[in-house]
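Given next are the chains, with one letter for each unit.
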Amino acid sequence: MIKIAEDLHLLPSFPSFTINTYLMGNVLIDTATKWDAVRLIRQLKGHKPDMVALTHVHPDHQGAAKHLCEQLNLPLACHEADQEVMEGKKPMIPRSWIIRVQEKTWMGRPHPVSRPLREGDEVAGFRVIHAPGHTPGSVIFFREKDGIAVAGDVLSNLNPFTLRPGLHEMPDEYTVNRQQSRESIRLLASLDPALVVFGHGKPLTDRQALKRFAAGV
Ligand SMILES: [Zn+2]
Ligand SMILES: [Zn+2]
C-alpha cells in the first residue's frame, strides 16, 4: 500500500494508477475488477477494513466487491441511486458497447448493499457528496479538515482509452448524463480541494489546474 495522505492509502494496480482502490481510514474505496480480488486481499495484509464503499457502480469499481465482502465479512455501501444496479435489479448504465464488454469481462456478481449512502452521510471522517452524471449514484468523499476529495470517476486524471495522464471528462461510453456530469465536475472544483484522488490516474494537488478545467467544461 502507498500512503497518499493521513488515513488514505492507495492499493496499487498494474500498471500503477490505471484502476485505483483506496483504503480510506478503515473503509476500502472501490474494488477494481473481479480479477483483482486476490491482489486486493494480498495488499490489505495487516489491515482489517470494516466496510467496502463504492464511488459508483461500474465493472471496474464493483468487480471484486462481492468476493471481498464475503471473504472478509464486510458490509457494502454505495449511493442509493446506484444500489439497484449493484444488487442486479437494474442493468449497468450507460448501455454502451464498452460497458457491455466490461460486464462480460470485469463485472463482479451482484451483492446486497447494506448501507445505502445519501448526501451528507459520513464515511471514515469524509462527507458523502452526491455528484451524479457519470452514473446516477456517483459520489465524492470529501474531508473538510484537510481538503481531500476522493472523486471516483466524476473526473479522470488519465485518458481511459489511451492511458495518457491529464484531466479528462469521462467519454460518452461511460457517461449517463453529460450535463449532470459537468455540474458535478464544477461541484468538485467548488470544494477547492487541496488533494484530489481519482478512480483512474494520479492524485492531483494543483488547485488552479482543477479550477481551469472545470471552468472549461
Ligand atoms: Zn465509472
Ligand atoms: Zn472507472
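Data block above holds the structure.
Values in this document were obtained by computation on a predicted structure and should not be read as measured data.

What counts and how
Residues numbered from 1 in each chain as written. Chains lettered and ligands numbered in written order. Predicted model: local features only at pLDDT ≥ 70, side-chain atom pairs only at ≥ 80, totals over all residues. Heavy atoms only, no water. Donors = N, O, S within 2.8 Å, 3.2 Å for Na, K, Ca; no water. Tetrahedral: all angles 85-135°; square planar, octahedral: opposite > 155°, others 65-115°. Buried < 20%, exposed > 50% of the residue type's maximum accessible area, 1.4 Å probe, protein only. Helix = DSSP H or I, 4+ residues; strand = E, 2+ residues; numbered from the N terminus. Contact = heavy atoms within 4.5 Å.

Q: Quick rundown of the coordination of the zinc ion (ligand 1)? Include the residues and the values.
A: Only His56 (NE2), His58 (ND1), His134 (NE2) and Asp153 (OD) from the protein reach the zinc ion (ligand 1) as donors, at distances of 2.1 to 2.3 Å. In this structure, the zinc ion (ligand 1) is coordinated by four donor atoms arranged in irregular fashion, with angles at the metal of 88 to 170°. Mapping the donors of the zinc ion (ligand 1) onto the primary sequence yields the spacing H-x1-H-x75-H-x18-D. The distance between the zinc ion (ligand 1) and the zinc ion (ligand 2) is 3.4 Å, with Asp153 acting as a donor to both metals. We classify His56 as buried; its relative accessible area is 1%.

Q: Tell me about the coordination of the zinc ion (ligand 2), and name the residues and values.
A: All of the protein donors around the zinc ion (ligand 2) are Asp60 (OD), His61 (NE2), Asp153 (OD) and His200 (NE2); their distances to the metal are 2.1 to 2.3 Å. Because the angles between the four donor atoms bound to the zinc ion (ligand 2) fall within 83 to 157°, the donor set is best described as irregular. In the primary sequence, the donor residues of the zinc ion (ligand 2) line up as D-H-x91-D-x46-H.

Q: So, the environment of Gly108: which residues are in play, and what are the values?
A: Looking at the secondary structure, you find Gly108 in the loop between α5 (97-105) and β7 (115-117). When its relative accessible area of 7% is taken as the criterion, Gly108 is described as buried. Considering only alpha carbons, one finds Gly108 and Gln62, 46 residues apart in sequence, at a separation of 6.3 Å. Contact partners of Gly108, with chain neighbours within four places excluded, come to Lys34, Gln62 and Gly63.

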